[in-house]
Amino acid sequence: MIKKILLAPARFIEAFLDRAIAFAGGLIFMQVPSFMVQYTQRLGGHLEELGLIIKKYKLAAEESGKSLNEYISLHLNSGVKEFISSGKLMEENLERFDYLNQAYNSLHNSSGINKLLAFIKNIDITIAKETWKDFTGSISLNYDSIIYCLAGIVFFMTIYLLVKKLIIFSVKHIKRR
């Protein structure tokens, strides 16, 4: 009887902890779609800005009667340190534009789990850090958010139950000694 009375608060705390962890897991995972939306918007901004810069490169190339590739090669092979540097910069911007464009299209044209896989595959760490710095969490009740919420509950509860089993096993093992 006394054992039951002493265990009641522990059971209450354990039940509360169980639900709090499930809630936290759902809430945290529910942020994934929102983060991806904000990341995609930021990615699109970077892409658009690079597009404007490349457009200026193309105009400068046309004014000199050259294609963009010829214009960049002219800079790279000029033998003048400053022109070589600007040629490298143009080349890097073109490569980054292609990379970001592919990443943006991959994210924009996918949905569900494919969107998460595209996000993971094509993530740009710099843009992700910028997104995280300004990230505003939200609770959305769309299909993706609900799926992520359920996944978060399952994930966090699995971790919780594994830790709980480990603690119980350790306590029983210590008592046997």
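None of these values were measured; they are calculated from a predicted model. (Residues numbered from 1 in each chain as written. Predicted model: local features only at pLDDT ≥ 70, side-chain atom pairs only at ≥ 80, totals over all residues. Heavy atoms only, no water.)

A.B. asks: Explain the environment of Met 157 to me, using residue names and the numbers behind them.
C.D. replies: As for its placement among the helices and strands, Met 157 is situated in helix α7 (residues 143-176). Relative accessible area serves as the criterion here: at 14%, Met 157 is assigned to the buried category. Not counting residues within four places of it along the chain, the set of residues in contact with Met 157 comprises Asp 18, Ile 21 and Ala 22. (Helix = DSSP H or I, 4+ residues; strand = E, 2+ residues; numbered from the N terminus. Buried < 20%, exposed > 50% of the residue type's maximum accessible area, 1.4 Å probe, protein only. Contact = heavy atoms within 4.5 Å.)

A.B. asks: Could you give me a rundown of the side chain of Asp 124, with the residues and numbers involved?
C.D. replies: Locating Asp 124 in the fold gives a position in the loop between α5 (113-122) and α6 (125-134). A distance of 3.2 Å separates the side chain of Asp 124 from the backbone nitrogen of Thr 126, its partner in a polar contact. With residues near it in sequence (within four places) discarded, Asp 124 still touches Tyr 39, Arg 96, Tyr 99 and Leu 100. (Polar contact = N/O pair within 3.5 Å; in protein donor to acceptor, adjacent residues only side chain to side chain.)

A.B. asks: So what's going on with a positive patch on the surface? Which residues, and what values?
C.D. replies: On the surface, Lys 3, Lys 4, Arg 11, Lys 165, Lys 172, Lys 175 and Arg 176 cluster together to form a positively charged patch. Contributing elements (two or more residues each) for the positive patch: α1 (2-29) and α7. Of all the elements, α7 adds the most residues to the positive patch, at four residues. Its location among the elements puts Arg 176 in helix α7. (Patch = residues over 30% accessible without salt bridge, like charges linked within 9 Å, V, L, I, M, F, W, Y side chains within 5 Å. Areas by Shrake-Rupley, 256 points an atom, 1.4 Å probe, with all protein chains shown as cover. Salt bridge = Lys/Arg side-chain N within 4 Å of Asp/Glu carboxyl O. Lys, Arg positive; Asp, Glu negative; His and termini not counted. Charge placed at Lys NZ, Arg CZ, Asp CG, Glu CD.)

A.B. asks: Let's hear about the packing of aromatic side chains: which residues, and what values?
C.D. replies: Counted under the stated rule, the structure contains eight aromatic pairs. Ring geometry for Tyr 39 and Phe 119: centres 5.0 Å apart, planes at 90°, overall edge-to-face. Taken together, the residues span a long stretch of sequence, with Tyr 39 in helix α2 (residues 31-63) and Phe 119 in helix α5 at a distance of 80 residues. Take Tyr 39: its relative accessible area is 1%, and that puts it in the buried class. (Phe/Tyr/Trp six-rings, centres within 6.5 Å; stacked < 30°, edge-to-face > 60°.)

A.B. asks: I'd like to hear about the side chain of Thr 131, residue by residue, with values.
C.D. replies: Among the structural elements, Thr 131 can be located in helix α6. Residue Thr 131 is classed as buried on the basis of its relative accessible area, which comes to 2%. For Thr 131, the residues in contact, after removing those within four places along its chain, are Phe 35, Gln 38, Tyr 39 and Arg 42.

A.B. asks: Tell me about α7, and name the residues and values.
C.D. replies: Over its 34 residues, α7 runs 49 Å from end to end, which matches the ideal 50 Å to within 8%, given 1.5 Å per residue. Listed in full, the buried residues belonging to α7 are Ser 145, Tyr 148, Cys 149, Gly 152, Met 157 and Tyr 160. (Expected span 1.5 Å × (residues − 1).)

A.B. asks: Can you explain the confidence of the model for the chain? Please cite residues and give values.
C.D. replies: Of all residues in the chain, 99% have pLDDT values of 70 or greater, and the mean over the chain is 91. Averaged over each element, pLDDT in the chain is lowest for α1 (85) and highest for α6 (96). (pLDDT = per-residue confidence, 0-100.)

A.B. asks: Report on the pattern of salt bridges, specifying residues and quantitative values.
C.D. replies: If you walk through the whole model with that rule in mind, you get five salt bridges. Across the pair Glu 14 and Lys 164 runs a salt bridge whose closest N-O atoms are separated by 2.7 Å. Residue Glu 14 is located in helix α1, and its partner Lys 164 is located in helix α7; the two are separated by 150 residues in the primary sequence. For Glu 14, a relative accessible area of 28% gives the class partly exposed. For Lys 164, a relative accessible area of 29% translates into the label partly exposed.

A.B. asks: Before we move on, can you summarise a negative patch on the surface with the specific residues and values?
C.D. replies: Together, Glu 91, Glu 92, Glu 95 and Asp 98 give the surface a local cluster of negative charge. Counting through the fold element by element, Glu 91 comes out in helix α4 (residues 81-108). A relative accessible area of 34% means that Glu 91 is categorised as partly exposed.

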